[in-house]
Amino acid sequence: MYERFAHEYASHAEDSAYNALYDRPAVLGLAGDVAGLSVFDAACGPGLYARELLERGARVTGCDVSPTFVDLARARCDGLADLRVHDLSEPLTWVSDGSADLVVLALALHYIDDRVALLREFRRVLAPSGALILSTEHPTMGWMRLGGSYFAEELVEESLSPTRDWPIRAWRRSLTAICAEFREAGYLIEELLEPRPAPEMADRFPEDHARLEVLPAFIAFRLVPLGVRP
């Protein structure tokens, strides 16, 4: 979906309120100390998370369905990450069982049709003591924007940005439905985070900061395979 506007989005996400000062701090915070860890960055986009993970000492592999994003990510990571073009609706046949200490999936789960299958594939590539860090749109945000029943589970086509022609298709689901898929795929929720905006946002993007202090836009999770305890 992003291929048509990949360059525009990459430039936007590098320093935007919702990406740079909201989602990335939340996801990287849940990842914790990654020094020496093997991290798989699924749906790596233009490499903004991958670069941060490398700078924090991780060994990074990953993928994205957009060839342009993968090219941008490889350049951003100076060739230090093994990043490939891959559609997450297909198995990660090139990733070995138990080879990742962490899997990161930032703001992409809601695009996937068979989410349980993808989550199970991540469980396969995770080491027994590994964790999956993911973020997605907060269900209340979709309800506030789209109306209707909060409990609706449906595919929605709209623009990623209200001011740009960035068409996407994404699933709208309740928090109950999201968490049920985690359990069906074999995970426990170790931590659930409704992010707060970074303090810097108040000066640079005051309207966004005020909005996010009232209503969360995203929700993030740290998941561990069933049977594994902290």
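Here the structure is a predicted model, which is why all the values come from computation and not from measurement.

Student: What should I look at first to understand the overall build of the chain in this one?
Tutor: When helices and strands are counted, the chain shows nine helices and nine strands. For 230 residues, the compact-globule formula gives about 17 Å, and the C-alpha radius of gyration of the chain, at 17 Å, lands near that figure. Seen along its three principal axes, the alpha-carbon backbone of the chain occupies a region of about 40 × 40 × 30 Å. Looking at the chain as a whole, 50% of its 230 residues are labelled buried. Considering only intrachain contacts with a sequence separation of at least 6, the fraction spanning at least 24 residues in the chain is 68%.

Student: How should the side chain of Asp23 be read in this particular structure?
Tutor: Among the structural elements, Asp23 can be located in helix α2 (residues 17-31). This buried residue, Asp23, is left without a salt bridge; Arg24 holds the nearest opposite charge, at 7.4 Å. Among all residues touching Asp23, those that are not within four sequence positions of it are Tyr18, Tyr49, Ala106, Leu107, Ser135 and Phe218.

Student: What's the story with the pairing of strand β4 (residues 100-106) in this structure? I'm lost.
Tutor: On a regular strand, one side chain projects to one face of the sheet and the next to the other, so that they alternate. By the criterion of burial, β4 is predominantly enclosed, with six of the seven residues buried. As paired elements, strand β1 (residues 38-42) and β4 share four bridges and run parallel to each other. By the bridge assignment for β4, Asp41 is matched with Val104. Here β4 pairs with strand β5 (residues 126-137) via six bridges, running parallel. In the sheet register, Val104 faces β5, and the bridge partner there is Ile133. Crossover connection from β4 via helix α5 (residues 115-125) to parallel β5: handedness right-handed.

Student: I keep staring at the sheet that holds β5 and nothing clicks. Help me out?
Tutor: Pairing between sheet strands relies on hydrogen bonds along the backbone, with the strands arranged either parallel or antiparallel. In spatial order, the strands read β3-β2-β1-β4-β5-β9-β8; together these seven strands make up an open sheet with mixed pairing. At either margin of the open sheet sits one strand with a lone partner, and together these are β3 (82-85) and β8 (187-193). Averaged over all pairs of adjacent strands, the angle between their axes in this sheet comes to 20 degrees, without regard to strand direction. Taken strand by strand, α2 contacts β4, β5, β8 and β9 (218-225), and its axis lies near 20 degrees from that of β9. Along the sheet, α5 contacts β1, β4, β5, β8 and β9; its crossing angle with β5, the most-contacted strand, is approximately 145 degrees.

Student: Can you walk me through helix α7 (residues 175-184) in this structure?
Tutor: For an α-helix, the turn length of 3.6 residues means that residues three or four places apart are oriented alike. Buried within α7 we find Ala177, Ile178, Glu181 and Phe182. For α7, the buried positions fall inside an angular range of 145 degrees around the axis, keeping them on one side. Facing away from the buried side of α7 by over 90 degrees, the exposed positions are Thr176 and Arg183. Of the surrounding elements, those touching the buried residues of α7 are α5, β5, α6 (139-146), β8 and β9.

Student: Help me out: how do you make sense of the packing of α5 against α7 in this one?
Tutor: A pair of packed helices is captured by two measures, namely the crossing angle of their axes and the spacing between those axes. α7 packs onto α5 with a crossing angle of 45 degrees between their chain directions and a minimal axis gap of 9 Å. Considering the angle they form, α5 stands oblique to α7. Of the two possible hands of crossing, α5 and α7 adopt the one that is right-handed. Along its contact with α5, which presents Arg115, Val116, Leu119 and Arg120, the element α7 presents Glu181, Phe182 and Glu184. In terms of residue class, the contact of α5 with α7 is made up of three nonpolar, no polar and four charged.

Cut-offs used in this document
Residues numbered from 1 in each chain as written. Predicted model: local features only at pLDDT ≥ 70, side-chain atom pairs only at ≥ 80, totals over all residues. Heavy atoms only, no water. Helix = DSSP H or I, 4+ residues; strand = E, 2+ residues; numbered from the N terminus. Rg over C-alpha atoms; globule rule 2.2 N^0.38 Å. Buried < 20%, exposed > 50% of the residue type's maximum accessible area, 1.4 Å probe, protein only. Contact = heavy atoms within 4.5 Å. Lys, Arg positive; Asp, Glu negative; His and termini not counted. Salt bridge = Lys/Arg side-chain N within 4 Å of Asp/Glu carboxyl O. Pairing = 2+ DSSP bridges. Right-handed = clockwise from strand over helix to strand, strands pointing away. Axes fitted to C-alpha atoms, helices over the stretch in contact; angles between N-to-C directions. Arc of directions from axis to C-beta. Parallel < 35°, antiparallel > 145°, perpendicular 65-115°, else oblique. Left-handed = near helix turned anticlockwise from the far one by under 90°. Nonpolar A, V, L, I, M, F, W, Y, C, P; charged D, E, K, R; others polar.

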